[in-house]
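Listed below, chain by chain, are the residues.
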Amino acid sequence: VVRNVATGQGAEGVAVSPEGDEVWVTNRAENTVSVLDARTLEVLATLPSAEFPIRVVFASGGRRVAVTNARSAEVRLFDVRARRELMAVRIEAPLIEGRPQVLNFPGSSSPIGVLADPDGRHLYVAAASADAVAVVDVEAGAVVRLIPVGKEPDGLAWAPPLR
């Protein structure tokens, strides 16, 4: 441990900018996102991100940051340089009802895990309460596809093509 840095209650998601100069942290209990200087670990900004910001990823070549908000069923896109919200994209998907879930926000698809494709043009968002992964066009700010998957998806990763 180099140092503990207080950002906000319920700190969970962490992403480092492609340049390595900033760290973005989601604070789910405070509905905020903290931006830190990666060298000094000083908090540079605290941005609102309601409801229940849980995961974060850089997209669009590092120009944008995407934050999943599980309770509000949205992914919020932020301009990195301006440190302001650009848009909120609602993750609409048929909900799986009647079973216990790790996160249960009535009426929400519970977007949790998020991954940007290598070119940063699309986000893949795990909609845990819908057993689906939503594909979001970052520039258009719209869900362009729902991919059915197994029970309560969360973590996402890229794998090299099979040979």
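Look a little higher up for the structure.
Residues numbered from 1 in each chain as written. Predicted model: local features only at pLDDT ≥ 70, side-chain atom pairs only at ≥ 80, totals over all residues. Heavy atoms only, no water.

Things to note about the sheet that holds strand β1 (residues 11-16)
What counts is decided by this rule: Strands are labelled as partners when DSSP assigns at least two bridges between them. Numbered from the N terminus, helices here are DSSP runs of H or I no shorter than four residues, and strands are runs of E no shorter than two. An axis is simply a line fitted to the C-alpha atoms; with a helix, the fit covers only the stretch in contact. Between two such axes, the angle follows the N-to-C directions and lies from 0 to 180 degrees.
Strand order in the open sheet made by the 4 strands is β1-β2-β3-β4, with antiparallel pairing throughout. Edge positions in the open sheet fall to β1 and β4 (43-48), since each of these has one partner strand only. Averaged over all adjacent pairs, the angle separating strand axes in this sheet is 20°, with direction ignored. Pairing of β1 with strand β2 (residues 22-27), which is carried by 4 bridges, proceeds in the antiparallel orientation.

As for the environment of Gln 101
For the record, the criterion: For each residue, the accessible area found with a 1.4 Å probe, counting protein chains only, is set against the maximum for its type, and the residue is called buried under 20%, exposed over 50%, and partly exposed in between. Contact between two residues is taken to exist if any of their heavy atoms lie within 4.5 Å; hydrogens are not considered. For the purposes of these results, a polar contact is taken to be a pair of N or O atoms within 3.5 Å, where, inside protein, one atom must be able to donate a hydrogen and its partner to accept one; residues adjacent in sequence count only when each atom of the pair is a side-chain atom.
Its location among the elements puts Gln 101 in the loop between β8 (84-90) and β9 (111-116). With a relative accessible area of 15%, Gln 101 lands in the buried category. Placed 44 residues apart in sequence, Gln 101 and Val 57 show a C-alpha to C-alpha distance of 24 Å. Here Gln 101 is in contact with Ile 96, Ala 128, Ser 129 and Glu 152, once residues within four sequence places are set aside. A polar contact of 3.4 Å, which involves the side chain of Gln 101, links it to the backbone oxygen of Ile 96.

A look at the packing of aromatic side chains
Defined as follows: Only centres within 6.5 Å qualify two rings of Phe, Tyr or Trp (six-membered ring in Trp) as a pair; their planes then separate them into stacked at under 30 degrees, edge-to-face at over 60, and tilted for everything else.
Scanning all chains against the criterion turns up 4 aromatic pairs. Note on Tyr 124 and Trp 158: the rings are 5.6 Å apart at their centroids and 85° apart in plane angle, and the pair reads as edge-to-face. Of this pair, Tyr 124 sits in strand β10 (residues 122-127) while Trp 158 sits in the segment after β12 (142-148), placing them 34 residues apart in sequence. Classification of Trp 158 as partly exposed rests on a relative accessible area of 47%.

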